[in-house]
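The chain contents come next:
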Amino acid sequence: MRFVLPEQRELYLQAKQVEKLVSMPILEQDELESFQYIKRDAAREDYVVTVSWWNQIKGNLGTTCTMWGVVKWIDQNGRRIKLVTDEDSQWISMDHITAVKAD
């Protein structure tokens, strides 16, 4: 039987988290234009979309988050959108969006 100190376990878990981090994907211009069209149409027509975005954690590494909801606001000056669900709302930077799908 092997004993592990809590500090060792914490360091191991942190190392595993760092292994899961990815760099921000590079998107083509046509993908970005498609995302923009879907976001604006979803905001205008008030239908549900699924948005994925890259969230910076450490340096140029981060994780990809996904959330579905209705686009309630597009802030052109701040370059962000407000995605709203029944329980939550989230401001998402347009520069970090990696996918937008109409549901």
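It should be noted that the structure appears before, not after, this text.
What comes next concerns the included structure. (Residues numbered from 1 in each chain as written. Predicted model: local features only at pLDDT ≥ 70, side-chain atom pairs only at ≥ 80, totals over all residues. Heavy atoms only, no water.)

### A look at the environment of Glu-28
Here is step 1: Its place among the elements puts Glu-28 in the loop between β1 (22–23) and α2 (29–45).
Here is step 2: A sequence separation of 49 residues divides Glu-28 from Asn-77, and the C-alpha atoms of the two residues are 23 Å apart. (Helix = DSSP H or I, 4+ residues; strand = E, 2+ residues; numbered from the N terminus.)

### Section: the nonpolar core
Here is step 1: Counting 15 residues, the largest nonpolar core has Val-49, Val-51, Ile-81, Leu-83, Ile-92, Ile-97 and Val-100 as its most contacted members.
Here is step 2: If near-sequence neighbours (up to four positions away) are discounted, Ile-97 is found in contact with Leu-27, Phe-35, Lys-39, Val-51, Ser-52, Trp-53, Ile-81 and Ile-92. (Core = buried A, V, L, I, M, F, W, Y, C linked by side-chain atoms within 4.5 Å. Buried < 20%, exposed > 50% of the residue type's maximum accessible area, 1.4 Å probe, protein only. Contact = heavy atoms within 4.5 Å.)

### Topic: a negative patch on the surface
Here is step 1: There is a patch of like negative charges on the surface, built from Glu-28, Asp-30, Glu-31 and Glu-33.
Here is step 2: You can see Glu-33 is positioned in helix α2. (Patch = residues over 30% accessible without salt bridge, like charges linked within 9 Å, V, L, I, M, F, W, Y side chains within 5 Å. Areas by Shrake-Rupley, 256 points an atom, 1.4 Å probe, with all protein chains shown as cover. Salt bridge = Lys/Arg side-chain N within 4 Å of Asp/Glu carboxyl O. Lys, Arg positive; Asp, Glu negative; His and termini not counted. Charge placed at Lys NZ, Arg CZ, Asp CG, Glu CD.)

### Quick look at the pairing of strand β2 (residues 48–58)
Here is step 1: As judged from the 10 bridges shared by β2 and strand β3 (residues 61–75), these two strands associate in the antiparallel manner. For Trp-53, the partnering residue across the bridge sits in β3 and is Cys-65.
Here is step 2: Adjacent in sequence and paired antiparallel, β2 and β3 are bridged by two residues, among which Gly-59 carries a positive phi angle near 60°.
Here is step 3: Here five bridges tie β2 to strand β6 (residues 97–102), and the two strands are oriented antiparallel to one another. Paired with Ser-52 across the two strands is Ala-99, which belongs to β6. (Pairing = 2+ DSSP bridges.)

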